[in-house]
Structure formats: C-alpha cells, structure tokens
Amino acid sequence: QAKSAGRNTLRFYDPAMQEAMLARAALETSLRAGLQRGEVEIYLQPVVDAERRVVGAEALARWQHPERGNVPPAEFIPLAEQCGLIHQLGGHVLQAACDQLVRWSRSPASSTLKISVNVSARQFHQADFVRQVTDIIDRSGARADLLKLELTESVLLDDVEATIVKMTELKAHGVCFSIDDFGTGYSSLAYLKRLPLDELKIDRSFVADVLTHPNDATIVRTILALAQAFSLDVVAEGVETEEQRQFLMQHGCALFQGYLFGRPVAVGQFELTGD
Ligand code: C2E
Ligand code: MG
Ligand code: MG
Ligand code: MG
C-alpha cells in the first residue's frame, strides 16, 4: 500500500506499466517524426445523395508508419491529443483537405464537392483555432463554403459560450459545421438551436442496428425529424446494406456514407460514383 510505504519513498512501477509508458513515448517520438516526414495523409470516403451521386467526402487521417504499417486514427489521434501534436496534425489534415478542394475546383464535375474534416476537442479549444483554419483556407485558395468541420457533442458542450463565438467567426468566413456521431452524446435542443450548424451525422451504431433493434430505429427517426425541424442536413454514417439505405430513405434521410457506397481511399483513388 502506498501509505505504509512511507512519505519519502519513491513510487515503484510494475514492469508492464513501465513498458507501456516506454512504448507510448516511442510512439509519440515516431508520430512527431512521421508528421515531419509526411507519413500522415488523408483518405477520402464518399458522401452520396439518394441517387448515389457523390456530393462530397470525409477526410480521414491515416498514418503510414514505416514498420507498423497503416496505424488507425483510433490509436494516434488520442495520442496526438495527449502529447500536444494535435494542433500540427489537425493543421496538416486541414491543409490536405483544402488542397484537394482546390484540385477539385479545376473540373466542373467536381468543383462543388465538399470535404468534411474531423476536429478534436483539444484542437478546437486552442486559442488560435479560428486563425489556424482561416489562414489555411485563405492561403490554399479553397472555397470556405466547401469545407465542413465535424465536431462532436462533447466538444460543443465543453464551453458553450466560447464554442458559439468560435463557430460564429468561422461561419462568417463561410465554413460549415456538422455534429459527428450525433445521438451518442448529451446535446440538448436548446444548444442545437443556438449553434450555427448545417448538418448532423447519425452515429453508425444506430444505423448498424436500425433494422433489428426498434430502439435504434426510433432514435434514427427522431434524429431525422429533429433535423428537419431545425432545417439541418443529415448524413447517415456507416451504411453497409441496401436495406439500411432503404429504411433511411423512407424516413427522409437524403445523404449517406458507408461501405455500401465506398470505403475511405487514398486521394488519388477517389472516384465520383458511389458504387
Ligand atoms: P468518424 O469521424 O465518425 O469517422 C467515421 C469512421 O467510420 C471512419 O473510421 C470510417 O472509416 C468508418 N466507417 C465509414 N463507413 C463505415 C461502414 O460502413 N462501416 C464501418 N464499420 N465503419 C465505417 P476511421 O477512419 O478509423 O476513423 C475513426 C475516427 O477517428 C473518426 O470517426 C474520427 O473521430 C477520428 N478521426 C479520423 N481522422 C481524424 C482527423 O483527421 N482528426 C481528428 N481529430 N479525428 C480523426
Ligand atoms: Mg467524422
Ligand atoms: Mg462519426
Ligand atoms: Mg467517431
């Protein structure tokens, strides 16, 4: 016990814990270097309309680690948040998204496609977040209204007043906003009304069970009705089957994302049809 060990003794770490800490520190070092070396890139996953026409894409970060291969964002985004690299990583992702918008702007077939970028809590709450985003947009020459930032409910509720200020500033610049994983957090109707939002994304956990669990079907229908009442677009995430798509369409969903239409792919592989 810590108490009986006395006041002046050092803490003992068990070897497993120490090993985990060293592994994390090593991963942090290689993420820092990897960012510098350009190992972090974006993949694009199509967002399609009811006719399966591609209307945009979500940018998803991928880290091509020299030894470990493709490290999923679930592993390195939280790490980047903890060690303060998220600002740089987030900037890199925004830059890549804006560069892609500029490439798409050169052809009429792709010039109105939007790109959604995920923004994590710590990144959004950085003091100069608004400046970071507007600088990247302006320097790249991308159209701000084709850039959408995805925030989660927890980010929005962290500090509502400060959040509204930041969102309003970016909105004035033309940037659009989406709530990601909607339905999994705690946002209230009062906030929905106050935030300058454009879109809700139904979390894929609800979509996955929409045909088999009546409660999930109810949640999905409620989100669609809510969005309609607030004049927000809705994207259903994680659509994997035609039956899910049918259910969503029948209840008024007009935008879809999921393996049914396309997996995230490297920017060079992205195609303009959703099947
Ligand atoms: P998210 O923003 O909710 O992104 C959707 C995730 O669902 C992606 O996982 C995507 O590959 C996956 N997905 C899409 N369609 C389907 C489907 O039909 N079935 C299934 N099972 N999965 C599907 P991914 O790329 O592993 O990203 C995981 C999370 O990591 C993202 O969730 C997002 O929260 C975070 N993330 C990714 N890129 C970034 C980034 O650049 N910045 C930040 N802050 N977070 C990021
Ligand atoms: Mg997202
Ligand atoms: Mg999501
Ligand atoms: Mg998510």
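Residues numbered from 1 in each chain as written. Chains lettered and ligands numbered in written order. Predicted model: local features only at pLDDT ≥ 70, side-chain atom pairs only at ≥ 80, totals over all residues. Heavy atoms only, no water.

- As named in an unreviewed UniProt entry, the protein is EAL domain-containing protein, taken from Piscinibacter koreensis.

### A word on the coordination of the magnesium ion (ligand 2)
- At 2.0 to 2.2 Å from the magnesium ion (ligand 2) lie its protein donor atoms, namely Glu 58 (OE), Asn 118 (OD1), Glu 150 (OE) and Asp 180 (OD).
- Within one chain, the residues serving as donors to the magnesium ion (ligand 2) are arranged as E-x59-N-x31-E-x29-D.
- Between the magnesium ion (ligand 2) and the magnesium ion (ligand 3), the interatomic distance is 4.0 Å, and Asp 180 donates to each metal, bridging them. Here Glu 58, found in strand E2 (residues 54-65), pairs with Asn 118, found in strand E4 (residues 114-118); they are 60 residues apart in sequence, far enough to count as distant.
- Here Asn 118 falls in the partly exposed class, since its relative accessible area comes to 31%. (Donors = N, O, S within 2.8 Å, 3.2 Å for Na, K, Ca; no water. Helix = DSSP H or I, 4+ residues; strand = E, 2+ residues; numbered from the N terminus. Buried < 20%, exposed > 50% of the residue type's maximum accessible area, 1.4 Å probe, protein only.)

### Some thoughts on the environment of Leu 260
- By the secondary structure assignment, Leu 260 is in the loop between strand E9 (255-256) and strand E10 (265-266).
- Separated by 15 residues in sequence, Leu 260 and Arg 245 place their C-alpha atoms 8.8 Å apart.

### Quick word on helix H10 (residues 214-229)
- Taking 1.5 Å per residue as the helical rise, H10 with its 16 residues ought to reach 22 Å, and the 22 Å between its terminal C-alpha atoms agrees with that figure.
- Those residues of H10 that fall on the buried side of the exposure criterion are Asp 216, Ala 217, Val 220, Ile 223, Leu 224 and Ala 227. Taken end-on, H10 shows its buried residues confined to a sector of 125°, consistent with a single buried face. Away from its buried face by more than 90 degrees, H10 exposes Pro 214, Asn 215 and Ala 229.
- For H10, the secondary structure elements touched by its buried residues are strand E6 (176-182), strand E7 (199-202), helix H9 (204-208), strand E8 (233-236) and helix H11 (242-250).
- Ser 231 occupies a position one or two residues after H10 and carries a positive phi of about 55°. (Expected span 1.5 Å × (residues − 1). Arc of directions from axis to C-beta. Contact = heavy atoms within 4.5 Å.)

### Section: the site of ligand 1
- Inspection of the region around ligand 1 gives 22 residues, with Arg 62, Asn 118, Asp 180, Glu 240 and Tyr 259 positioned closest.
- Gln 45 places a polar side-chain atom, nitrogen or oxygen, 3.0 Å from a nitrogen atom of ligand 1.
- Contact distances for ligand 1 include 3.3 Å between an oxygen atom and a side-chain N or O atom of Glu 237.
- When the free accessible area of ligand 1 is taken as 800 Å², the share hidden by the protein chains comes to 82%.
- Among the elements of the structure, E2, helix H2 (73-82) and E6 are those that each provide at least two residues to the shell around ligand 1.
- The dominant element in the shell around ligand 1, judged by the number of residues it contributes, is E2, at 4 residues.
- Classifying every residue of the shell around ligand 1 gives 9 nonpolar, 5 polar and 8 charged. (Near = heavy atom within 4 Å. Polar contact = N/O pair within 3.5 Å; in protein donor to acceptor, adjacent residues only side chain to side chain. Areas by Shrake-Rupley, 256 points an atom, 1.4 Å probe, with all protein chains shown as cover. Nonpolar A, V, L, I, M, F, W, Y, C, P; charged D, E, K, R; others polar.)

### Brief notes about the environment of Ala 266
- You can see Ala 266 is positioned in strand E10.
- Beyond its immediate chain neighbours, meaning those up to four positions away, Ala 266 contacts Ile 42 and Tyr 43.

### Some remarks on the packing of helix H1 (residues 15-37) against helix H3 (residues 86-105)
- Where H1 contacts H3, the two axes come as close as 11 Å, and the packing angle between them is 30°. Relative to H3, the element H1 lies roughly parallel. As H1 packs across H3, the resulting crossing turns out to be left-handed. Here Leu 31, Leu 35 and Gln 36 of H1 lie close against H3, whose contacting residues are Gln 88, Leu 89 and His 92.
- Among the residues making up the contact of H1 with H3, the classes are represented as 3 nonpolar, 3 polar and no charged. (Axes fitted to C-alpha atoms, helices over the stretch in contact; angles between N-to-C directions. Parallel < 35°, antiparallel > 145°, perpendicular 65-115°, else oblique. Left-handed = near helix turned anticlockwise from the far one by under 90°.)

### Considering unusual backbone geometry
- Of note, the phi angle at Asp 181 is positive, near 55°, even though the residue is not glycine.
- Relative to the helices and strands, Asp 181 is located in strand E6.
- Given the relative accessible area of 25%, Asp 181 is considered partly exposed.

### Description of the pattern of salt bridges
- Going through the model one piece at a time under the given rule, you end up with 14 salt bridges.
- Close ionic contact of Arg 194 with Glu 161 constitutes a salt bridge, the shortest N to O distance being 3.1 Å. Of this pair, Arg 194 sits in helix H8 (residues 189-194) while Glu 161 sits in helix H7 (residues 160-173); the two residues are 33 residues apart in sequence, bridging distant segments of the chain.
- When its relative accessible area of 42% is taken as the criterion, Arg 194 is described as partly exposed.
- Judged by its relative accessible area of 47%, Glu 161 falls in the partly exposed class. (Salt bridge = Lys/Arg side-chain N within 4 Å of Asp/Glu carboxyl O.)

### So, the nonpolar core
- Residues Leu 31, Val 117, Val 133, Leu 147 and Leu 149 are the most contacted members of the largest nonpolar core, which totals 77 residues.
- In terms of residue count, the dominant contributor to this core is H3 (10 residues).
- Sequence-distant contacts of Val 133, defined by excluding residues within four places in its chain, comprise Leu 94, Leu 147, Leu 149, Leu 170 and Val 175. (Core = buried A, V, L, I, M, F, W, Y, C linked by side-chain atoms within 4.5 Å.)

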